[in-house]
Structure formats: structure tokens, C-alpha cells
Amino acid sequence: MGEAEIVARLRAAGSVFAEDEADVLVASARSPEQLEAMVLRRVAGEPLEVVVGWAEFCGQRVLVDPGVFVPRVRTGVLVHEGLRGLGPGSVVVDLCCGTGAVAIALAARAPALELYACDIEPAAVACARRNLEPLGGTVLEGDLLDALPTTLHGRVDLLVVNAPYVPTDAIALMPPEARDHEPRVALDGGAEGVDLHRRVAAVAGDWLAPGGRLLVETSVRQAALTEEAFRRGGLVPRTVRDEDLDGTAVVGGRGVGSA
């Protein structure tokens, strides 16, 4: 099967980036039989990253397992903003970590971090462990900050969060590869999309070190709601925007805003 045929099959299935996807599939397959199986899975709607078992995120190759949220390019805003002020020994928590992609990218740019990652989904925890344990990270399973050991109270320099922020009613409008192949708990942010932002911001201050920051991915439309959640939690927020990545986040700490 030639690459032109693969491109045609992918394009017929609705792929917008058929040529790029064909390149990834061909490079990832170890035999013609495996390539055919991969093409069939992609044409059936599975995310490309799940089909090949990895995603590129901020220049890092991240392992991706079935049933785990696939890293988005826009989430790179968390990496670029999160790096500010980090150094050896900084305590970083990647909350709602999915594959652990944000933690991986931060660790690649700021070595010697004390790194933790948490998720409520067992499949995500297993995937993140494969990605982060070789880097010395600790991956924990649980509901938001309840997953963390109490010894981290007041010690976290960066609490970075890619919690779901899709409003419940909008999930039906998502592309099928996300809607049908990613866990709903990784997509559903509640009626306004910021339920988990409110829950995290309400308690984050107890975990932050002096000068520590909470950093939460959101959308342009929802940024004001995320900022309000920060303020209600006693944090001073600032919205950051990366136009190149189409990424938006809110960052803040106790009395330091976007320090």
C-alpha cells in the first residue's frame, strides 16, 4: 500500500491533515500488516496518537494509551508560562495530568524538579507512570488535590492544571475522535465548563509555597470565570494568552498575581 493510497483513505474519512498523518503512520508501522491495521483504526475514528501510541508535545515524545486524554498543542501555554521561576528542587504538581505531558515538558526544560502528577482515571495514571517514573516523577491516583500527600501542604511552587473545561452541553459538538475515544471525565467541565477550576482554586492556596503559583488552562470565553474562581479562593489572577498555540491560561498566587 503506497502513501498516496493512505492519504486518499484518510482524506475520505475526513482527516484534515491526511498527508501529515500518513507520514506518521508509515514511520510508525513495523510491517505492511501493521500499517494496514493502523490505517483501519484511524479511518474508523481512533485518534492518531492512540493508533501509533505516542504524541509530540512541546518537542517531547509522550506515550499515549487508549482511553487517555490526548495532549493538545494549545496546552503548551501551561509549559511556557509554568517555566517562569522554576529551578532545581522546585516542587511541581501536574494535576489532571492525563499522559503527564505537561510534567514531561517542564522536566525537559527545568531539570531536577521535585515532580508529582495526579489523575482520577486509572488508565491515565498507568500511562503517566510509564512517562514520568523514568524521570523520577511520582504519579498518584485520586480526586484532584486529595491525591497528594499532606506533606506537600505549603510546599508547591507550581500547581499546573489541565482540568476539563468543555461545558457539558458542548461535548456532543466535539469531534468524534475526542467525544468517542477519550474519557468523559477528562472532557466534562460542568454547566459552564469551570466546575473543576472552582474546586481547585478554592483549596489551592493551602498547598502553595510562598510565592507559589496556580496555573490553569481555560478558554478565552471562560477566562473571566476562571479568574473569578481564583479570586474566590484568595488568589490574585492574571490571564495569559499564546496566539501561536491558541492557548489560554489563568495564573496567580496569594497576593502576587502573575509573579
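These figures come from a predicted structure and were not determined experimentally. (Residues numbered from 1 in each chain as written. Predicted model: local features only at pLDDT ≥ 70, side-chain atom pairs only at ≥ 80, totals over all residues. Heavy atoms only, no water.)

Visitor: Please provide a residue-by-residue account of helix H3 (residues 32-43), values included.
Guide: Helical periodicity: at 3.6 residues per turn, an α-helix aligns residues three or four positions apart in one direction. Its twelve residues give H3 an end-to-end C-alpha distance of 16 Å, which sits within 8% of 16 Å, the value for a rise of 1.5 Å per residue. Taken residue by residue, H3 has Leu-35, Met-38, Val-39 and Arg-42 as its buried positions. Buried residues of H3, viewed axially, fall in a sector of 100°; they line one side. Of the surrounding secondary structure, the elements contacted by the buried residues of H3 are helix H1 (3-12), helix H2 (18-28), helix H4 (48-52) and helix H8 (176-179). (Helix = DSSP H or I, 4+ residues; strand = E, 2+ residues; numbered from the N terminus. Expected span 1.5 Å × (residues − 1). Buried < 20%, exposed > 50% of the residue type's maximum accessible area, 1.4 Å probe, protein only. Arc of directions from axis to C-beta. Contact = heavy atoms within 4.5 Å.)

Visitor: Before we move on, could you go through unusual backbone geometry and cite the residues and values that matter?
Guide: In this structure, Cys-96 takes a positive phi of about 55° despite not being glycine. Along the chain, Cys-96 turns up in the loop between strand E3 (91-95) and helix H6 (101-109). With a relative accessible area of 18%, Cys-96 lands in the buried category.

Visitor: Residue-level account of the packing of aromatic side chains, with values.
Guide: Counted according to the given criterion, the structure contains zero aromatic pairs. Seen from the ring of Trp-54, Arg-61 lies directly overhead, with NZ or CZ sitting 3.7 Å from the centre. (Phe/Tyr/Trp six-rings, centres within 6.5 Å; stacked < 30°, edge-to-face > 60°. Lys NZ or Arg CZ within 6 Å of the ring centre and 35° of its normal.)

Visitor: Give me the lowdown on helix H9 (residues 195-204), citing residues and values where you can.
Guide: When we look at burial in H9, the residues that qualify are Leu-196, His-197, Val-200, Ala-201 and Ala-204. Summarising the axial view, the buried residues of H9 lie within an arc of 125°, below the 170-degree limit, and thus occupy one face. If you follow the buried residues of H9, they end up packed against E3, strand E6 (156-161), strand E7 (208-218) and helix H10 (223-232).

Visitor: Could you give me a rundown of the pattern of salt bridges, with the residues and numbers involved?
Guide: All told, the structure shown has 23 salt bridges when counted by the stated rule. The salt bridge partner of Arg-84 is Glu-81, with a shortest N-O separation of 3.0 Å. By relative accessible area, Glu-81 is classed as buried at 6%. Of the charged contacts, one joins Asp-195 and Arg-198 as a salt bridge, the two residues approaching to 3.9 Å between their closest N and O atoms. Taken together, the positions of Asp-195 and Arg-198, both in helix H9 and three residues apart, correspond to about one turn of that helix. Taking relative accessible area as the criterion, Asp-195 reaches 34% and is therefore assigned partly exposed. Exposure remark for Arg-198: the relative accessible area of 32% places this residue in the partly exposed category. A network of salt bridges, in which partner residues are shared, links Glu-227, Glu-228, Arg-231 and Arg-232. (Salt bridge = Lys/Arg side-chain N within 4 Å of Asp/Glu carboxyl O.)

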